[in-house]
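Here are the chains, one letter per residue:
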Amino acid sequence: MDRTSGSASASSGKRQRTPPVQYLREVRGELRRVHWPTRAEVTAYSIVVLVTVTLITLYVFGLDALFGRLVLWIFG
């Protein structure tokens with residue numbers, strides 16, 4: 001096994017902490033590079049999620065009702 005493949009913290013000692021001001025500056029820079037969705041995209045994706053959740057909920061409700069009746073018929 002190669003000795004250089006170990007963790008970087010083991011060979012370099014303790015890492016320096018980033019000052020809070022520099023951290024916030026870097027966060028702002030990263031957020032500027034993010035591709036933010038448009039209002040239309042958020043609306044469309046939200047509708048897709050709500051419809052999907054509704055359909056899955058109805059499916060699980062139907063299975064629950066079916067198995068509930070089946071159990072009551074068998075053991076009823």
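Criteria and cut-off values
Within each chain, residue numbers correspond to sequence positions counted from 1 in written order. Per-residue local features of the predicted model are confined to residues with pLDDT of at least 70, and side-chain atom pairs are confined, for both listing and counting, to 80 or more; whole-chain, interface and lining totals are unaffected and use all residues. Derived side-chain values reflect all non-hydrogen atoms in the structure, with water molecules and hydrogen atoms excluded from consideration. Secondary structure is summarised from DSSP: a helix means a run of H or I of at least four residues, a strand means a run of E of at least two, and numbering begins at the N terminus for each. Burial classes: relative accessible area under 20% of the type maximum marks a residue as buried, over 50% as exposed, and values in between as partly exposed (1.4 Å probe, protein chains only). The accessible surface values rely on the Shrake-Rupley method and a 1.4 Å probe; as for residues, cover is taken only from the protein chains in view. Take the residue count of a helix, subtract one, and multiply by 1.5 Å to get its expected span. Polar contact is the term for a pair of N or O atoms within 3.5 Å; when the atoms are in protein, one must be able to donate a hydrogen and the other to accept it, and sequence-neighboring residues count only if both atoms are side-chain atoms. Patch construction takes residues with relative accessible area above 30% that form no salt bridge. Like charges are linked within 9 Å, and nonpolar side chains (Val, Leu, Ile, Met, Phe, Trp, Tyr) are linked within 5 Å. Salt-bridge detection follows one rule: a side-chain nitrogen of Lys or Arg within 4 Å of a carboxyl oxygen of Asp or Glu.

(A) Layout of the overall build of the protein. In terms of helices and strands, the protein carries 3 helices and 0 strands. Element order for the protein, N to C, with α for helix and β for strand: α-α-α. Counting all 76 residues of the protein, 0% fall into the buried class. Surface summary for the protein: the accessible area is close to 7900 Å², and the carbon and sulfur share equals 66%.

(B) Examining helix α2 (residues 20-33) more closely. Given a rise of 1.5 Å per residue, 14 residues ought to cover 20 Å, and the 20 Å separating the end C-alpha atoms of α2 matches this to within 8%. Within α2, only 0 of the 14 residues are buried, which leaves the element largely exposed.

(C) Spotlight on the environment of R33. Here R33 shows up in helix α2. Reaching out from R33, the side chain makes a polar contact with the side chain of E30 at a distance of 2.2 Å.

(D) Quick peek at a nonpolar patch on the surface. A surface patch of nonpolar side chains, about 740 Å² in accessible area, is lined by F67, L70, V71, W73, I74 and F75. Relative to the elements of secondary structure, F67 occurs in helix α3 (residues 39-75). Judged by relative accessible area, F67 falls into the partly exposed class, the value being 48%.

Functional significance is not addressed by these values, which are geometric in nature.
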